[in-house]
Each structure stands twice: as structure tokens, then as C-alpha cells.
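The lines below spell out each chain.
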Amino acid sequence: MVKRINNFVKIDTKNTTLLLRIDSIPEIVHYGKKLSDADDYPFWEYGKNYTMVSSASDYCGRKCILSFSGDANNRETMLHAVSFDGNGSLRLRLKEVKVGMNKPILNGMPSSYDCEDTVIFVYEDVAFSMIVEQYFSTFTDSDVIATGIRVKNVGTQEFYLRRAFSMQLDFDNGDYSATAFVGNWMRERKMKKTDISVGCTTFSSFLGHSSNVVNPFVLCTKKGKKGFSIASNLVYSGNHKELFDCSVHHGLRVATGINDFMLNYKIAPNASFDTPEAVFTYGDTEENVCFTMRSFTQEHILRKDWVQKPRAIAINTWETFLFQFDKAKLLELCDTAKRIGIELFVLDDGWFGHRDDDTTSLGDWFANEKKLGCTIEDLAKEIHAHGLQFGIWIEPEMISEDSELYKTHPDWAMTIEGVTPLYVRNQLVLDITKKEVRDYLVKQISQVIEESQTDYIKWDCNRGISELKNSGVLFHDYVLAVYDLFDRLTKKYPNVLFESCASGGNRFDLGMLCYTPQIWTSDCTDARSRVFIQEGTIKGYPLSTVSAHVAYSPSHHTFNKTSLQDRFAVAIQGVLGYELNLTALPQSELDEISLQTSFYKKWRNTLQFGDFYEGDGSSDDKFISWSVVSKDKASAVTTGVCLQQDYGVKLPKIRVSGIDENATYKVNVIRKLTDVPESFTAKGDLLVNGGVYLGDLYDMKTLNENSNSIASVLITMERINA
Ligand code: DGJ
């Protein structure tokens, strides 16, 4: 809810207030716990009395929501522009405040939906003939605020944007830390906390994707007795930057937006530029702001029709067979999968063109009938006839030199004349910024979807952009092109579940989640490594978005050995699937997987759509626990995973989180689904405040082998009276 109170704008969420004093650039008077309404806030008119005014957007440490180049800001600013004749000094001044507005529909980019109220601040720069509209939107059921800016050219000459962030928040001096989720391929989103001292701490990505190097989701926490945490994220899938600029004199500035690396975006007369939407929240603890961001993503980002749609259990052919398969092998796998309760068959890489390894055929989205021994239509029909859904892998944004597409359209590959092209995984990026290329892709992908009546598409993207023709606009235009493709295809096929993937989790972000309700979290399927990867991912993103598969042991990636039970316990902290050759497993393991799929189906609603709570421990403690609780608190699953048990040292009790402390629950403690669980009833508060003993999770053999194994326990809870 947004209110104009005399010289103030009060932006209220369920539990927070962002109070802005109207000035030539609005000043942040308060951002924190909700304030009561008043007729006026005269004692907060203080900032107005400053006389040492050297700039509109920051004088003597005034806290602002906008800052710009050439405004005597001796620090990082939010907007940089250069006029056609080289002038870089903006003089934006507030012209109008519009309350009770609708949230702007962004040009070519997705954004959050179902907002409650919006305020728009309109600024003008006369010399530049520039108008900037900055919006803040609230949501009835959430503490998140969405924001962004639109920069308009209302003059007769072009200007160039060199930086256009989406959000700026300034805070008082203090002792802050910034938390980012960093990594690389196979080691995505490890939580890293950095103390922010004087100077600027930035996190950014550079190759055209939100990246596995650093995610756009960040936290900022102030040390001290009174809890203060901020979380922010960007609804964007390209290069991004998060900036924490701190000076003793000015306090802390937090900003996020498109990375300005190489940005030089021409804004012609009458044209405008929208920044991606930033979303942020305040809370008293990191855990609370993470909880808020997950719920917000679930309720205001994910495609509406997918929010509560149960996700099928998949068998995926990638780790199972890599490129070596034919119809007989696939149908045998499908047959076994069906018998043990799997619901979706995903044909991964290698089904098209003449692709038997990663050197050919990207761009040729028609079946390799010689290899398959049938058409894609026939294969899909047989899978459907087995009672499984059918899914298929594509990598539309890429092209192989050895492909029919390259023969016909070599000019569609992103290369620069005279510059030796860089090949990554033997492939080039397709220039999807060309409309004709996108039209071709929509046609080809539509054909694949229609021929196979596919239920699911895995959309992969295995390299970044290195051929920087039109460098000033390329990165952003590329993201707009990706969104155009997703927009057209998801609207055309609303019942197809799109799962995005970029060498695993190289594009795990809110932009993708607006189109693809789940994302392949990481190419690393080792359960031990997945604990670290999923621990970080789940901080900012809901479980229903986190695709997680049970694969081989020893792991093909790390060689760690883990039991089928432990691999399952980790994979159910997400959307469960399998990537292993079921046809080669002994009957005992198939029976165990049958128990796993039945268990998952029984608890699926809770596990995919329940509220996620962090529990005792963290991967750094070598022991971690999580609870997922249904919205009505009638059922819950708590998982404990031990990453190392020292000889003779007892494991801690696991305390359950989020359940109804006054209700009584039937509890099952499951160490192995094939064994009879330990069962008892207990009152919620005993489980929440007391906890459950784990005993020795590791058997002596595993302990002695020191095999980098893990040991897990599942605790299920069903409410028997309230
Ligand atoms: C990378 C993905 O992350 C894998 O899951 C798999 O689909 C391969 N690409 C296929 O090339």
C-alpha cells in the first residue's frame, strides 16, 4: 500500500515501511519495521534544512533512491548517461509523484505480477531532454517491494546510457556484511559472506548470463543488537552487478542492475529504456528475508498455472546413456522406469541432426532417425503409450559449424569478420538478436513440440558470449531475444513444462523463472556436493524450482560414494528425478527406487510447495538439516544430512522447524526406506524445541572407508490432532 502524506510517500508492505521524504531527489527517512500512519512526519523534515547542498542526490550523506553521473556524488551512482555531444552531467530533478498507479509493463522483459499498489516518481533533466520514471510496487501478502526505472528521450538528439541500475538503497553508517552466492560449473551458489568495509564491494557477471560465478540474489546484514537484513534479486538473466559502496562519511549504498560492463546503449529521440525489475525486502534476520524471497518467487514470479502444479518424477537420459542410445535402449529404460513409479521420460542431448558427440548438429532440430531407428513422433507415441510423459532436450541459442543450419546460414552464427571465433564446447552462439533467427527457432521448436506432443522441454545453453560485435548493446539485446523466444513459446504451449538449464546452473535467476518454473540446478549430481549447491540455491529460490536427480555412485563427477537412500534424501530437497541406467540395476535397487517414488508421491505436495525452513547446522558444520512444512502445518518432512562424523562423537539432535507447536504429530524416523521406521507420537513443541536423536548415522564401515560419503535421516510428521 502506498500513501502520500504531505511531504512524504509511505510505502507499506505487510510488516515493513519504506518512508520517503519528497525533495528534488526523494530521501529515505526510514526503511525497516512497519511504522504507524500519522497525519504528518514533521520531525523527519530534518534533511530539508541542510544548507551544504552540492548535489541533488547525495549531500552530507543524505540517503536517496536515485543518484547519477555529474551530480557531485563522490561515490558510485545509479545512472550514467552521455549526451550526443559528450556531456556526462545529469541534473535530474523530481517533477511529479504519482500514487495509486499500475506497475509499468516492461518493454521486452518479464516481471513480477499481482502487485497491490504502485508509486511512480517522475524526474526531468532539461539539458538532456530526459525523463526518468522510477516505480515502487507493493504486494498484499508479501514484504517484497519491486522497483525499476524507465529512461525516456523526449528531445531531438540521442543520448547514451553507460549505466542504468534498477535499484538503489542508502543506509546509515554501520558494520555491514554482504552475502553472495558464488561458484563455478559444478560448484554453483556457495554462500559467501564478506565484511563490507570502506570502499566498494561488487559482484558481477560478464558473459551474458546471470552466471554460476555469482547469482543476482544477495543479502546485506548489519551487525548489532537490532536485527537488520536486506535481500535483493533481479528479474534478469544477463550480466548483472550488485554493488555495496561504503564510506565513513556517507554510509552504505546498495545497488543492483544490469552490469554496466561495455554498456553504451543509444536512446534515440522518442525511445525509452526499461531496466529489469529489482525486488528487495527487509527483515530482522537473514533467514527471514530468505523465507520472504522464496515465497514471493513462488507467488509472484513463477508462471501462475505452474505455481501449484505437481512436478513429475523424471528419468533423464543424459548421465544414463550420454550420446549412446537407440530406440530399443530407450524403450527398455522407459519400461523399467514405468514399473518403479517414474512419470516423465526425458530424452536429453543426442537425438537430432547427426549428433553422437558434442561437435555437431546444434541448430538442426530434427530427429536423427538413423540413430533412433524411428521418428521422434513414433518414439514419443511409444513412451506415451507406456503411460509416461515425454520430454525432450534442445539448445536453441547455439549453432555447430557441422550442421545443416550453418551450411545454409553461416551468417547466423555470432562471429566478427577478421576475428578468429572462439569455440566453447565446440559451438558458436546463434545470433538470436536477429528476428529472422528467432522466427526460424520458434518454427523449428514448435515442430518438435507438435510432432512429439511433448509435455516437457529442457532448454539448455552451454556457452557465454565472446564475440562482441555491437558491444554496447549486445549483452542486453541478447537477453531480450531470449525472453522473446520464451515468451512466444510458453504462450503458444502453456501446458508444456519448460525447464531451463545452462551447463547446469549458469542461469538460475528470476528472469528465467518467469518462463521456466524449474531449473536444472547443477551438472554435479554427486549427493555430497549437491548438499552445498542446494543449500545455497534454496536460500533464495523455492524448492519447486530446484531440479535435483539421483545419479550414479561413485559419482561420475567427484567419485564420491553415496548410498541410494542418501542420494534420494538430498534429491527430494527439490524436484526429484533420476539419471542412471535403471535397466542395469539389481532388482533390490529397483525395489528401493519403487519405495522412493511412492514416498515422494505421498509427500510431494509438502516437499514441492510447502514452506522451507533452515534447521540446525550448515554445510560448514558438516551437518545440516532442513524442514519442509505444508502450508496448513498438517504434514512436514525434516531431513538431516551429516557430511562427516568424527569417531566416537555423537551427532546432535535435529530440531524440527515450522510445525504447529500445539498440535500432536505422528512421527516416523527413516534411516532407510527399506527398513521399518522408528515411529512415535509427539507434541509439536517437543520436536521444535527438543528435537529428535539421530544416534550413529554412519556405520563403522563407511566411517573407516572415509569415502567422502554422507549419511542422512528423514523425519516425517503427520498431524493427528490440532
Ligand atoms: C549440459 C546439461 O547441464 C546436462 O544436463 C546435459 O543436458 C548436457 N548439457 C547435454 O549436452
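Notes on the structure follow. (Residues numbered from 1 in each chain as written. Predicted model: local features only at pLDDT ≥ 70, side-chain atom pairs only at ≥ 80, totals over all residues. Heavy atoms only, no water.)

**Details of the packing of aromatic side chains**
Scanning the model with the defined rule gives 32 aromatic pairs in all. Ring geometry for Phe 121 versus Phe 136: centroids 6.1 Å apart, planes at 80°, classification edge-to-face. Of this pair, Phe 121 sits in strand β7 (residues 117–125) while Phe 136 sits in strand β8 (residues 130–138), and the two are 15 residues apart along the sequence. In this pair, the class of Phe 121 matches that of Phe 136, namely buried. Summarising the aromatic geometry, the rings of Phe 206 and Phe 261 are spaced 5.0 Å apart at their centres and angled 80° between planes, so their arrangement reads as edge-to-face. Of this pair, Phe 206 sits in the loop between β13 (199–204) and β14 (218–222) while Phe 261 sits in the loop between β17 (251–258) and β18 (265–267), and the two are 55 residues apart along the sequence. Taken together, the aromatic side chains of Tyr 31, Phe 171, Tyr 176, Phe 228, Phe 280 and Tyr 282 make up a single cluster linked through ring pairs. Between Lys 309 and the ring centre of Trp 306, over which it is positioned, the NZ or CZ distance is 4.1 Å. Over the ring of Trp 520 we find Arg 530, and its NZ or CZ is 4.8 Å from the ring centre. (Phe/Tyr/Trp six-rings, centres within 6.5 Å; stacked < 30°, edge-to-face > 60°. Helix = DSSP H or I, 4+ residues; strand = E, 2+ residues; numbered from the N terminus. Buried < 20%, exposed > 50% of the residue type's maximum accessible area, 1.4 Å probe, protein only. Lys NZ or Arg CZ within 6 Å of the ring centre and 35° of its normal.)

**Focus: the nonpolar core**
Counting 194 residues, the largest nonpolar core has Leu 79, Trp 351 and Leu 582 as its most contacted members. If you tally residues by element for this core, the top one is helix α8 (residues 471–492), at ten residues. When residues no more than four places from it in sequence are discounted, the contact partners of Leu 582 are Ile 315, Leu 333, Thr 336, Ala 337, Ile 340, Ile 342, Leu 590 and Ile 593. Membership of the second largest hydrophobic core comes to 21 residues, among which are Cys 642, Val 669, Val 713 and Met 717. (Core = buried A, V, L, I, M, F, W, Y, C linked by side-chain atoms within 4.5 Å. Contact = heavy atoms within 4.5 Å.)

**A closer look at the environment of Asp 195**
Here Asp 195 lies in strand β12 (residues 190–196). Those residues within four positions of Asp 195 in sequence are excluded, and the remaining contacts are Tyr 176, Ser 177 and Lys 223. A polar contact is formed between the side chain of Asp 195 and the side chain of Lys 223, at a distance of 2.9 Å. (Polar contact = N/O pair within 3.5 Å; in protein donor to acceptor, adjacent residues only side chain to side chain.)

**Points about the packing of helix α1 (residues 286–300) against helix α10 (residues 527–540)**
Interaxial distance between α1 and α10 falls to 6 Å at its minimum, and their mutual angle equals 75°. The orientation of α1 relative to α10 falls into the category roughly perpendicular. Where α1 approaches α10, its residues Cys 290, Met 293, Arg 294 and Thr 297 are matched on the opposing element by Ile 538, Lys 539 and Gly 540. Classifying every residue of the contact of α1 with α10 gives three nonpolar, two polar and two charged. (Axes fitted to C-alpha atoms, helices over the stretch in contact; angles between N-to-C directions. Parallel < 35°, antiparallel > 145°, perpendicular 65-115°, else oblique. Nonpolar A, V, L, I, M, F, W, Y, C, P; charged D, E, K, R; others polar.)

**Regarding the sheet that holds strand β2 (residues 8–12)**
Strand order across the open sheet formed by four strands is β1-β2-β3-β4, with antiparallel pairing between neighbours. The open sheet has two edge strands with one neighbour each: β1 (2–5) and β4 (27–33). Each neighbouring strand pair of the sheet contributes to a mean axis angle of 15°, computed without reference to strand direction. Bridge analysis of strand β3 (residues 16–21) against β4 gives six bridges, and the strand direction is antiparallel. The residue of β4 that forms the bridge with Arg 21 is Glu 27. (Pairing = 2+ DSSP bridges.)

**Things to note about a negative patch on the surface**
On the surface, Glu 369, Asp 378, Glu 450 and Glu 451 cluster together into a patch of negative charge. Turning to its location among the elements, Asp 378 is positioned in helix α5 (residues 376–385). (Patch = residues over 30% accessible without salt bridge, like charges linked within 9 Å, V, L, I, M, F, W, Y side chains within 5 Å. Areas by Shrake-Rupley, 256 points an atom, 1.4 Å probe, with all protein chains shown as cover. Salt bridge = Lys/Arg side-chain N within 4 Å of Asp/Glu carboxyl O. Lys, Arg positive; Asp, Glu negative; His and termini not counted. Charge placed at Lys NZ, Arg CZ, Asp CG, Glu CD.)

**Some details on α8**
Between its terminal C-alpha atoms α8 stretches 32 Å, which fits the 32 Å expected from 22 residues at 1.5 Å a residue. Along α8, the sharpest kink reaches roughly 25°, centred on Asp 477. (Expected span 1.5 Å × (residues − 1). Bend = angle between axes of the 7 residues up to and from the residue.)

**Here's the deal with the site of the ligand**
What surrounds the ligand is a group of 13 residues, the closest being Asp 348, Asp 349, Lys 458, Asp 460 and Asp 523. Here an oxygen atom of the ligand sits 2.7 Å away from a polar atom, N or O, in the side chain of Asp 348. Interatomic distance of 2.7 Å between a side-chain N/O atom of Lys 458 and an oxygen atom of the ligand. Contact with the protein chains hides 98% of the accessible area of the ligand, taken as 290 Å² for the molecule alone. (Near = heavy atom within 4 Å.)

**Notes on the sheet that holds strand β31 (residues 611–618)**
Across the sheet, which stays open at both edges, the six strands sit in the order β31-β32-β33-β36-β34-β35 with antiparallel pairing between neighbours. Sheet topology places β31 and β35 (678–683) at the edges, where each strand pairs with a single neighbour. Adjacent strand axes in the sheet meet at a mean angle of 20° when their direction is disregarded. As paired elements, β31 and strand β32 (residues 623–629) share six bridges and run antiparallel to each other. Residue Gly 617 lies in a different strand from β32, and its bridge partner there is Ile 624.

**Here's the deal with empty space enclosed by the protein**
According to the stated counting rule, one finds five cavities of 30 Å³ or more in the structure shown. One number sums up the size of the largest cavity: a volume of about 140 Å³. Around the largest cavity sit 14 residues that line it, and Arg 294, Gln 298, Pro 542, Gly 610 and Asp 611 are the ones nearest its centre. Secondary-structure elements contributing two or more residues to the lining of the largest cavity are α1, α12 (587–609) and β31. Residue contributions to the lining of the largest cavity peak at five residues, all from α1. The residue makeup of the lining of the largest cavity, split by class, is five nonpolar, five polar and four charged. The calculated volume of the second largest cavity comes to roughly 80 Å³. (1 Å grid on protein atoms, 1.4 Å probe; cavity = no way out; pocket = protein on both sides within 12 Å on 5 of 7 lines; lining within 4 Å. Points joined across faces, edges and corners; volume = space filled by probe spheres on them.)

**Here we look at the environment of Thr 583**
Turning to its location among the elements, Thr 583 is positioned in the loop between β30 (575–578) and α12. A relative accessible area of 28% places Thr 583 in the partly exposed class. Sequence separation of Thr 583 and Lys 329 is 254 residues, and the distance between their C-alpha atoms is 8.9 Å. Non-local contacts of Thr 583, meaning those with residues more than four positions away in its chain, are made with Glu 332, Leu 333 and Thr 336. A polar contact of 2.5 Å, which involves the side chain of Thr 583, links it to the side chain of Asn 581.

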